[in-house]
Amino acid sequence: MFRFGLSIIGAVTFAASTFLGSNVLAAEPADGKDDLGRFLCKDVMRLSGDEREIAIALAHGYVLGRKGTTEYDVEVLANITDQFIDHCLDHPNQNALQSFEKLAK
């Protein structure tokens, strides 16, 4: 188990600002809006390399923050990531964040 420290919070903040505030994303949500909750699974799956990793890390941070937790298990997060990718490949038109939240409950 790991504890969140200021460095993790800083990293999540950086990832969020990169994800939401720059031209790093090659894909845009299907409806053209920049609201994190509007991205579809296919939008996330179209990202490559670091961009997809940042998007999924942001989703993990969002879910962990909503849970109010300060601890996490890396193996559990890796399993959720694998499930999310499989789910999105099978259901590209579903909402990415809602799908992620269901898998990470």
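As the structure is a prediction and not an experimental result, all values here were calculated from the model.

Asker: Sorry, what's going on with helix α4 (residues 74-90) here?
Answerer: Every α-helix carries 3.6 residues per turn, so stepping three or four residues along brings you back to the same face. Taking 1.5 Å of rise per residue, the 17 residues of α4 would be expected to cover 24 Å, and the 24 Å separating its terminal C-alpha atoms lies within 8% of that figure. Along α4, the residues classified as buried are Leu77, Ile80, Thr81, Phe84, His87 and Cys88. Mapping the buried residues of α4 onto a view down its axis gives an arc of 135°, with all of them on the same face. For α4, the exposed residues lying more than 90 degrees away from the buried face are Glu75, Leu89 and Asp90. Sitting at the head of α4, Asp73 places a side-chain oxygen 3.0 Å from the backbone nitrogen of Glu75.

Asker: Could you clarify how one ought to interpret the nonpolar core in this entry?
Answerer: For soluble globular proteins, nonpolar side chains are generally found buried alongside one another. Counting 14 residues, the largest nonpolar core has Val44, Met45, Ile56, Phe84, Cys88, Phe100 and Ala104 as its most contacted members. For this core, the elements supplying multiple residues, two or more each, are α2 (41-45), α3 (50-67), α4 and α5 (96-103). No other element matches the four residues that α3 contributes to this core. For Cys88, the residues in contact, after removing those within four places along its chain, are Cys41 and Met45.

Parameters and conventions
- Residues numbered from 1 in each chain as written.
- Predicted model: local features only at pLDDT ≥ 70, side-chain atom pairs only at ≥ 80, totals over all residues.
- Heavy atoms only, no water.
- Helix = DSSP H or I, 4+ residues; strand = E, 2+ residues; numbered from the N terminus.
- Expected span 1.5 Å × (residues − 1).
- Buried < 20%, exposed > 50% of the residue type's maximum accessible area, 1.4 Å probe, protein only.
- Arc of directions from axis to C-beta.
- Polar contact = N/O pair within 3.5 Å; in protein donor to acceptor, adjacent residues only side chain to side chain.
- Core = buried A, V, L, I, M, F, W, Y, C linked by side-chain atoms within 4.5 Å.
- Contact = heavy atoms within 4.5 Å.

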